[in-house]
Amino acid sequence: MRLAGRTAIITGAGSGMGRAMAELFVAEGANVVASDVVKERVEAVVQAITAAGGGPTGGPAGGKATGGQVAGVVADVSKVADVNRMVDEALSRFGTVDVLVNNAGIMDRMLPVDEVDDEVWERVLGVNLTGPFLTCRRVLPHMVERGKGVIINVASIGGLEGGRAGAAYTTSKHGLVGLTKNIAWAYLEKGIRAVAICPGAVETAIGVGGVPSQAGMARAQKGMVTMPRVGKPEEIARVALFLASDEASYVNGATVTVDGGWTSY
Ligand SMILES: NC(=O)c1ccc[n+]([C@@H]2O[C@H](COP(=O)([O-])OP(=O)(O)OC[C@H]3O[C@@H](n4cnc5c(N)ncnc54)[C@H](O)[C@@H]3O)[C@@H](O)[C@H]2O)c1
């Protein structure tokens, strides 16, 4: 029950790591706002958590005494109106936001710069970087007012290195690492921690985001042979749980690499 009594918003909670985090956080006592742009995914994760014992807010189960509750919100993180509504719904249902996990993200087909069109650039940056900025901007005044809060940004080892994805994704995740560090320092004296998780390759639905660039893929594959193994979403969720909890009270502004040792090569 490491998150008992806390409320967490998790974006991209309908699949992969976000879903694993939603399930684990509720099991650890948190009330979770499970948000995703895909309605069916939101419904599925809420149903799965409810079936496991965490009740939806206001639902007949009402949540088990041993776990938290879950509420689904359909929202596109790249749209300011959706983000504001998501945060407002979290506050009106649960009263507080203690933890914000910016997990929603999309890939970029491994496109090198000369193959990136405006639409891809704007969409990838919109979801992966502007989205977390918008959520943080909405949540931070509330956290400042309460004098506490944790922001976890799911970046990538593509936010630390140059060859793990295409230009747009790599840029967005490097930007997200920068946003994390800026928030950590700017709000340090307000009781707020901000950390970035940098996963390696994890078994989820993300893929490469469509038909990959031949040139981009060929370059990325040069380093793929050094990858020790593909991780499981639960292995990332357990790190997120630690970072969200008070056990990580001295972890702030850090980039936590979770890649099975891939970047140690
Ligand atoms: N899987 C990997 O190998 C890997 C490695 C490093 C980092 N990451 C990052 O981890 C995060 C989670 O990805 P995943 O691998 O679990 O992928 P996933 O595709 O399984 O899950 C991502 C979820 O985000 C949702 N989403 C997409 N666009 C959205 C939007 N605009 N608004 C709200 N939700 C949106 C999707 O519908 C999906 O349910 C992403 O930020 C990704 O970049 C993934």
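Everything discussed here concerns the structure shown above.
Computed from a prediction, not measured in an experiment: that's the story for all the values here.

1. Digging into the overall build of the chain
Summing up its helical and strand segments, the chain has 7 helices and 7 strands in all. In the chain, the succession of α and β elements from N to C terminus is β-α-β-α-β-α-β-α-β-α-β-α-α-β. Principal-axis analysis of the C-alpha atoms gives the chain an extent of 55 × 40 × 35 Å. A sequence separation of at least 24 residues applies to 75% of the contacts in the chain between residues at least 6 apart. With the model as given, the accessible surface of the chain reaches about 11800 Å², and the carbon-plus-sulfur share is 54%. The positive charge centre, built from 25 side chains, and the negative charge centre, built from 26, are 4 Å apart in the chain.

2. Section: the site of the ligand
In the vicinity of the ligand there are 29 residues, among which Ser15, Asp36, Asn103, Tyr169 and Thr204 approach most closely. Between a nitrogen atom of the ligand and a side-chain N or O atom of Asp76, the distance comes to 2.8 Å. Considered on its own, the ligand offers 830 Å² of accessible surface; in the complex 92% of this is hidden by protein. For the shell around the ligand, the secondary-structure elements that each account for two or more residues are α1 (16–27) and α5 (167–186). Split into classes, the residues belonging to the shell around the ligand amount to 16 nonpolar, 9 polar and 4 charged.

3. Regarding the sheet that holds strand β7 (residues 255–258)
Strand order in the open sheet made by the 7 strands is β3-β2-β1-β4-β5-β6-β7, with parallel pairing throughout. Where the open sheet ends on each side, the last strands, each with one partner, are β3 (70–74) and β7. The sheet shows a mean angle of 15° between the axes of neighbouring strands, direction not considered. Sheet topology note: the strand β2 (residues 31–36)/β3 ladder contains 5 bridges and is parallel. Each residue of the ladder has a partner; that of Val32, found in β3, is Val70. Packed on one face of the sheet, helix α2 (residues 39–51) meets β2 and β3 and runs near 175° to β3. Against the sheet, helix α7 (residues 233–244) makes contact with β4 (99–102), β5 (149–154), β6 (192–199) and β7, and its axis sits at roughly 165° relative to β6, the strand it touches most.

4. Side note on the environment of Lys232
When you line up the elements, Lys232 lands in the loop between α6 (214–224) and α7. Between the alpha carbons of Lys232 and Gly16 there is a distance of 8.7 Å; along the sequence they are 216 residues apart. Residues contacting Lys232, with those up to four places away along its chain left out, are Val202 and Glu203.

5. Observations concerning the packing of aromatic side chains
Counted under the stated rule, the structure contains 0 aromatic pairs. Above the ring of Trp262, the side-chain terminus of Arg164 is found at 4.5 Å from the ring centroid.

6. Describing the packing of helix α3 (residues 80–94) against helix α4 (residues 118–146)
Viewed as axis vectors pointing N to C, α3 and α4 meet at an angle of 35°, and their least axial separation amounts to 9 Å. For the crossing formed where α3 meets α4, the hand is right-handed. Residue-level contacts link Val80, Val83, Asn84, Met86, Val87, Asp88 and Leu91 of α3 to Leu134, Thr135, Arg137, Arg138, Val139 and His142 of α4. Per-class residue counts for the contact of α3 with α4 are 7 nonpolar, 3 polar and 3 charged.

7. Overview of the nonpolar core
Within the largest apolar cluster, 35 residues are counted, with the highest numbers of intra-cluster contacts made by Met21, Phe25, Val32 and Ile152. Elements supplying a minimum of two residues to this core: β1 (7–10), α1, β2, α2, β4, β5, β6 and α7. For Phe25, the contacting residues outside a window of four places in its chain are Leu3, Ala8, Ile10, Ala30, Val32, Val99, Val101, Ala237, Ala240, Leu241 and Ala244.

8. Things to note about the pairing of β4
Residues Val99 and Val101 point to one face of β4 and Leu100 and Asn102 to the other, with burial holding for every one of them. Across 3 bridges, β1 lies against β4 in parallel orientation. Of the residues in β4, the one forming a bridge with Ala8 is Val99. As paired strands, β4 and β5 are joined by 4 bridges and run parallel to one another. Residue pairing for β5: Val101 is matched across the bridge by Ile152. Following the backbone out of β4, through α4 and into the adjacent parallel β5, one traces a crossover that is right-handed.

How each quantity is defined
- Residues numbered from 1 in each chain as written.
- Predicted model: local features only at pLDDT ≥ 70, side-chain atom pairs only at ≥ 80, totals over all residues.
- Heavy atoms only, no water.
- Helix = DSSP H or I, 4+ residues; strand = E, 2+ residues; numbered from the N terminus.
- Contact = heavy atoms within 4.5 Å.
- Areas by Shrake-Rupley, 256 points an atom, 1.4 Å probe, with all protein chains shown as cover.
- Lys, Arg positive; Asp, Glu negative; His and termini not counted.
- Charge placed at Lys NZ, Arg CZ, Asp CG, Glu CD.
- Near = heavy atom within 4 Å.
- Polar contact = N/O pair within 3.5 Å; in protein donor to acceptor, adjacent residues only side chain to side chain.
- Nonpolar A, V, L, I, M, F, W, Y, C, P; charged D, E, K, R; others polar.
- Pairing = 2+ DSSP bridges.
- Axes fitted to C-alpha atoms, helices over the stretch in contact; angles between N-to-C directions.
- Phe/Tyr/Trp six-rings, centres within 6.5 Å; stacked < 30°, edge-to-face > 60°.
- Lys NZ or Arg CZ within 6 Å of the ring centre and 35° of its normal.
- Left-handed = near helix turned anticlockwise from the far one by under 90°.
- Core = buried A, V, L, I, M, F, W, Y, C linked by side-chain atoms within 4.5 Å.
- Buried < 20%, exposed > 50% of the residue type's maximum accessible area, 1.4 Å probe, protein only.
- Right-handed = clockwise from strand over helix to strand, strands pointing away.

Keep in mind these values describe shape, not function.
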